[in-house]
Amino acid sequence: MRLIMFGTGPFAVPTFEALIQSPHEIAALFTRPIADSGKRRKTAENPTRDVAESAGLPVFDPMNVNDPESVEQLLKLNADLFVVCDYGQILSRDCLAASKLGGINLHGSLLPKYRGAAPINWAIFQGDPITGITIIHMTAKLDGGPCLVKAETEIGSQETAEQIEPRLAQLGVTPVLEAIEVLENWDGNSPIGQIQDPAQATRAPRLKKSDGKISWSRSAAEIVNQIRAFQPWPGTFTNWNNEKLKQPLRIIIHQATALPEQNDLSGKAPGRVVVSDGHTLIIQTGSGQISIDTVQPAGKRVMPIGDFLRGRAPAIDDLFQ
C-alpha cells in the first residue's frame, strides 16, 4: 500500500520506523511546523521529522492540513491510506477523502474511553489499572471511528505517564500493521471494525497548567495518581503557607506515597502538616495521608524530601493549599 504518515511527537516514532521497514511504500510525512517565536526560529523537538529526513522522505508541514492547498497536495501524492499518530491536528472529512481508504489513527487508550489529546494522563489520573491502544478507522468525529485493533497493558502502581507513553508507543506497532492489512483486504463498502458505544465515551482533554494544582480535599490515593499522571507536564503543585514566609512557596511534588487509611488518626483538616521531623513530611488529605518523597521548590532543583526539610522545614499544622 502507498501510505502517508501524519505525526509529530515521539509517540509516533516506533510506528513510523516500522512502516519505513515494512513492504509498504511511504509517500511522505506530514508534520506540525516548527514554532516561530517571532524573533528567531526555535528548534522544537520533532522526532518524526528526523526519522523522515534520515530515510530521505519528503516532509510537509502545513500550518493547517485542512486548507485547500494542503488537500490538493495530498491528492497529488495519491495515497491509499493515511496513518495518523501524535500529529496535533484534526483531519477534516475533505482531508481524509484525499486518500482511497481514508485514514487510521493510533490512539493511546482503549476507546471509547479517553477520547482526546491526553488519554494516557487521564487514565492514570482516574486510577485505571489497565490501559492500552486502539487503532481506529478515522471519521471527522474526534476519536469516534470504528475500532479495528486493540491491545492492552497493565498500569504499574508507581508508573508515571512519562514511563507508560513509550511502552504504549511500542505496543501500537504491530496493531497498526494489522489494521493496514485489514484495510488492504477491505471491499470499501461493507461494515468494518467495532462501532464505538457513545454511552461509554469519556473525555481526555488537552492538559492545562491549572490541572496540576492539588486539591487536598481529595483522597491520598487520588492525589498520588495525579502526581503520577501529570509528569513531566504540567507537574503537580501546591503552595506552602507559613507566617515566616513573605509569600506562599510553590512546590512541585514529583513523588509521594499514600499511607494506609488506618493510620489516619490526626483529626487535622486537609492540607495540614501532620509530621515534619527533618526526615519525613506527611500531609493530611480528605481521606488518608500522604508522605512526600521528592519535591522541587520554586526556583530550585528536584530533591529528596530530607534535603528540603534540612532547609526551611514546614512546621506541624502549616497549611498546603
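For the structure, check the block above.
Residues numbered from 1 in each chain as written. Predicted model: local features only at pLDDT ≥ 70, side-chain atom pairs only at ≥ 80, totals over all residues. Heavy atoms only, no water.

**Concerning helix α7 (residues 173–184)**
Turning to step 1, where the next piece is worked out: Taking 1.5 Å per residue, twelve residues should reach 16 Å; α7 reaches 17 Å between its end C-alpha atoms and fits that length.
Turning to step 2, where the next piece is worked out: Within α7, the full set of buried residues consists of Val-173, Pro-175, Val-176, Ala-179, Ile-180 and Leu-183. Burial along α7 is one-sided: seen end-on, the buried residues are contained in an arc of 165°. (Helix = DSSP H or I, 4+ residues; strand = E, 2+ residues; numbered from the N terminus. Expected span 1.5 Å × (residues − 1). Buried < 20%, exposed > 50% of the residue type's maximum accessible area, 1.4 Å probe, protein only. Arc of directions from axis to C-beta.)

**Comments concerning the environment of Arg-312**
Turning to step 1, where the next piece is worked out: Note on placement: Arg-312 falls in the loop between α9 (305–309) and β14 (319–320).
Turning to step 2, where the next piece is worked out: On a C-alpha basis, the gap between Arg-312 and Met-1 in space is 63 Å, while along the polypeptide they are 311 residues apart.
Turning to step 3, where the next piece is worked out: When near neighbours in sequence (up to four residues on either side) are disregarded, Arg-312 contacts Trp-240, Leu-245 and Leu-249. (Contact = heavy atoms within 4.5 Å.)

**Considerations on the packing of aromatic side chains**
Turning to step 1, where the next piece is worked out: Going through the model one piece at a time under the given rule, you end up with nine aromatic pairs.
Turning to step 2, where the next piece is worked out: Linked through ring pairs, Phe-6, Phe-30, Phe-60, Phe-82 and Tyr-87 together constitute an aromatic cluster.
Turning to step 3, where the next piece is worked out: One Lys or Arg, Arg-250, reaches over the ring of Phe-237 and ends 4.0 Å from the middle of that ring. (Phe/Tyr/Trp six-rings, centres within 6.5 Å; stacked < 30°, edge-to-face > 60°. Lys NZ or Arg CZ within 6 Å of the ring centre and 35° of its normal.)

**Observations concerning the sheet that holds strand β2 (residues 25–30)**
Turning to step 1, where the next piece is worked out: If you walk across this open sheet you meet the seven strands as β3-β2-β1-β4-β5-β6-β7, and the pairing is mixed. Each end of this open sheet is capped by a strand with a single partner; those strands are β3 (59–60) and β7 (147–154).
Turning to step 2, where the next piece is worked out: Note: β2 against β3, two bridges, orientation parallel. The residue bridging Leu-29 from the neighbouring strand is Val-59, located in β3.
Turning to step 3, where the next piece is worked out: Most of the contacts of α7 go to β7, to which it runs at about 165°, and overall it touches β1 (2–7), β4 (81–85), β5 (103–107), β6 (130–137) and β7. (Pairing = 2+ DSSP bridges. Axes fitted to C-alpha atoms, helices over the stretch in contact; angles between N-to-C directions.)

**Some remarks on the packing of helix α6 (residues 161–171) against α7**
Turning to step 1, where the next piece is worked out: It is at 4 Å that the axes of α6 and α7 come closest, and there the two elements cross at 30°. In terms of axis orientation, α6 runs roughly parallel to α7. On α7, the residues touching Ala-169, Gln-170 and Leu-171 of α6 are Val-173, Thr-174 and Pro-175.
Turning to step 2, where the next piece is worked out: Looking at the contact of α6 with α7 residue by residue, the class counts come to four nonpolar, two polar and no charged. (Parallel < 35°, antiparallel > 145°, perpendicular 65-115°, else oblique. Nonpolar A, V, L, I, M, F, W, Y, C, P; charged D, E, K, R; others polar.)

**Concerning the pattern of salt bridges**
Turning to step 1, where the next piece is worked out: If you walk through the whole model with that rule in mind, you get nine salt bridges.
Turning to step 2, where the next piece is worked out: A salt bridge links Asp-317 to Lys-268; its shortest N-O distance comes to 2.7 Å. Of the two residues, Asp-317 is situated in the loop between α9 and β14 and Lys-268 in the loop between β9 (249–258) and β10 (273–276); the sequence distance between them amounts to 49 residues. (Salt bridge = Lys/Arg side-chain N within 4 Å of Asp/Glu carboxyl O.)

**Describing the nonpolar core**
Turning to step 1, where the next piece is worked out: Core analysis: the largest hydrophobic core is formed by 45 residues, its most contacted members being Ile-104 and Ile-180.
Turning to step 2, where the next piece is worked out: A per-element tally of this core places helix α5 (residues 119–125) first, with five residues.
Turning to step 3, where the next piece is worked out: With near-sequence residues (within four places) excluded, Ile-180 lies in contact with Met-1, Leu-3, Leu-19, His-24, Leu-81, Val-83 and Ile-104.
Turning to step 4, where the next piece is worked out: Of all hydrophobic cores here, the second largest spans 23 residues; its members include Ile-251, Ile-253, Val-273 and Leu-281. (Core = buried A, V, L, I, M, F, W, Y, C linked by side-chain atoms within 4.5 Å.)

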